[in-house]
2 protein chains.
Amino acid sequence: MTSNRITLISLSVADIARSRAFYETLGWVPEAVLENGVFYAMAGQKMMLYRREKLAKDLGRAPETLGTGAMTLAQNFPTTQETDAAYAAAISAGATGLSVPQKVFWGGYSGVYADPDGHLWEVAMNPFWELDDRGLLA
Amino acid sequence: MTSNRITLISLSVADIARSRAFYETLGWVPEAVLENGVFYAMAGQKMMLYRREKLAKDLGRAPETLGTGAMTLAQNFPTTQETDAAYAAAISAGATGLSVPQKVFWGGYSGVYADPDGHLWEVAMNPFWELDDRGLLA
């Protein structure tokens with residue numbers, strides 16, 4: 001079994017209903033809704049939204065010590081138009097814009113927004129990366 | 001193209017050499033090494049270690065405002081023994097232990113450690129989740 005793998009990405013959220021509304025407005029389809037979290041199935045892994053107080057308790061830390069922003073999650077798109085549309089949809093769903101999609105130094109086209117809890121998402125078109133039909137890296 | 005997808009997970013790091021040593025000691029195999037970052041290919045997506053100052057600059061924020069800890073990444077294993085071994089390997093490679101692998105409330109077996117920059121990794125055996133040969137969720 002390779003070490004190069006991640007099976008679960010958990011984002012701590014202050015208000016599950018608010019976060020579900022945000023992600024599901026963007027088209028994420030929930031797989032299972034539990035008392036303290038929601039799972040979204042992806043290819044070979046899952047994303048979870050998890051109550052912030054619960055994560056803090058699991059970690060034995062105070063909720064206010066859990067920060068955000070030193071990590072980004074990204075969705076790549078085949079075209080700049082789809083990148084713009086994804087960014088606009090996020091802003092419309094309540095995201096905070098950090099940078100409007102634009103040409104960037106590495107040769108692609110990229111924008112960044114923060115979700116309702118400050119988790120950072122990049123939307124990008126990378127001319128050097130090929131996507132398969134499912135939108136995964138080929 | 002489904003919304004349920006993530007193509008890139010970027011972890012900001014203070015010292016790329018230190019972080020490469022940590023992850024590569026744990027068996028991660030780099031795909032490309034660039035000036036400000038390193039890519040690790042996974043199934044359909046990539047993980048990147050990216051210089052903290054560079055991410056801060058990209059975001060227009062001060063590096064010290066980029067926090068960690070409100071998100072976890074997880075690797076699942078088929079057995080508690082492999083979970084213990086993964087945790088021990090991480091500690092041996094310089095991780096900070098947050099909780100030694102143990103039976104947890106949701107019915108599985110789980111431990112949490114922090115990488116050299118404070119990014120949180122869970123190692124777990126989940127009896128309700130099936131893994132394929134690649135270690136991805138079946």
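Predicted model, so just to flag it, every value in this text is computed and none were measured. (Residues numbered from 1 in each chain as written. Chains lettered and ligands numbered in written order. Predicted model: local features only at pLDDT ≥ 70, side-chain atom pairs only at ≥ 80, totals over all residues. Heavy atoms only, no water.)

Focus: the relation of the copies chain B and chain A
Argument step 1. Once turned by 180° and shifted 0.0 Å along the axis, chain B lies on chain A with an RMSD of 0.0 Å. The transformation relating the two chain copies, once decomposed into turn and shift, fits a two-fold axis. Identified as the residue of chain B closest to the rotation axis by C-alpha distance is G67 of chain B, at 2.2 Å.
Argument step 2. Most of the interface of chain B is mirrored in chain A, where 100% of its interface residues again form contacts. (Least-squares fit on C-alpha atoms with pLDDT ≥ 70 in both. Contact = heavy atoms within 4.5 Å.)

Digging into the sheet that holds strand β1 (residues 8-13) of chain A
Where strands meet in a sheet, backbone hydrogen bonds hold them as pairs that are either parallel or antiparallel.
Argument step 1. The eight strands lie next to each other as β2(A)-β3(A)-β4(A)-β1(A)-β5(B)-β8(B)-β7(B)-β6(B), forming an open sheet whose pairing is mixed. This sheet does not close on itself; its edge strands, each paired only once, are β2 (32-33) of chain A together with β6 (96-103) of chain B.
Argument step 2. When strand β3 (residues 37-42) of chain A meets strand β4 (residues 45-51) of chain A, the two strands line up antiparallel, connected through six bridges. Each bridged residue has a counterpart across the sheet, and for F39 of chain A the counterpart in β4 of chain A is M48 of chain A.
Argument step 3. Across the face of the sheet, helix α3 (residues 80-92) of chain B comes into contact with β6, β7 (109-114) and β8 (120-125) of chain B while running at roughly 170° to β6 of chain B. (Pairing = 2+ DSSP bridges. Helix = DSSP H or I, 4+ residues; strand = E, 2+ residues; numbered from the N terminus. Axes fitted to C-alpha atoms, helices over the stretch in contact; angles between N-to-C directions.)

Focus on the interface of chain B and chain A
Argument step 1. Across the boundary between the two partners, chain B contributes 60 residues, which contact 60 residues of chain A.
Argument step 2. A combined buried area of about 5,000 Å² lies between chain B and chain A, and 59% of that area is made up of carbon and sulfur atoms.
Argument step 3. The largest per-residue losses of area from chain B upon contact with chain A belong to N4, R5 and M71 of chain B, which jointly make up 15% of the total buried on that side.
Argument step 4. Summed over the shared surface of chain B and chain A, the number is zero salt bridges.
Argument step 5. Here chain B is connected to chain A by 31 residue pairs in polar contact (both at pLDDT 80 or more).
Argument step 6. Elements supplying a minimum of two residues to the side of chain B that touches chain A: β1 (8-13), β3 (37-42), β4 (45-51), α2 (52-59), β5 (71-76) and β8 of chain B.
Argument step 7. Each residue belonging to the side of chain B that touches chain A can be placed in one class, and the counts come to 32 nonpolar, 18 polar and 10 charged. (Buried area = accessible area lost by both parts, 1.4 Å probe. Salt bridge = Lys/Arg side-chain N within 4 Å of Asp/Glu carboxyl O. Polar contact = N/O pair within 3.5 Å; in protein donor to acceptor, adjacent residues only side chain to side chain. Nonpolar A, V, L, I, M, F, W, Y, C, P; charged D, E, K, R; others polar.)

What to know about the pattern of salt bridges
Argument step 1. All told, the structure shown has 12 salt bridges over all chains when counted by the stated rule.
Argument step 2. Across the pair D132 of chain A and R134 of chain A runs a salt bridge, and its minimum N-O distance is 3.1 Å.
Argument step 3. The partner of E53 of chain B in a salt bridge is R51 of chain B, with the nearest N and O atoms 3.5 Å apart.
Argument step 4. Relative accessible area serves as the criterion here: at 31%, R51 of chain B is assigned to the partly exposed category. (Buried < 20%, exposed > 50% of the residue type's maximum accessible area, 1.4 Å probe, protein only.)

Structural notes on the side chain of K54 of chain B
Argument step 1. Following the sequence through the fold, K54 of chain B ends up in helix α2.
Argument step 2. The buried category is assigned to K54 of chain B, whose relative accessible area is 15%.
Argument step 3. Those residues in contact with K54 of chain B that sit more than four places away from it in its chain are F105 of chain A together with N36 of chain B.

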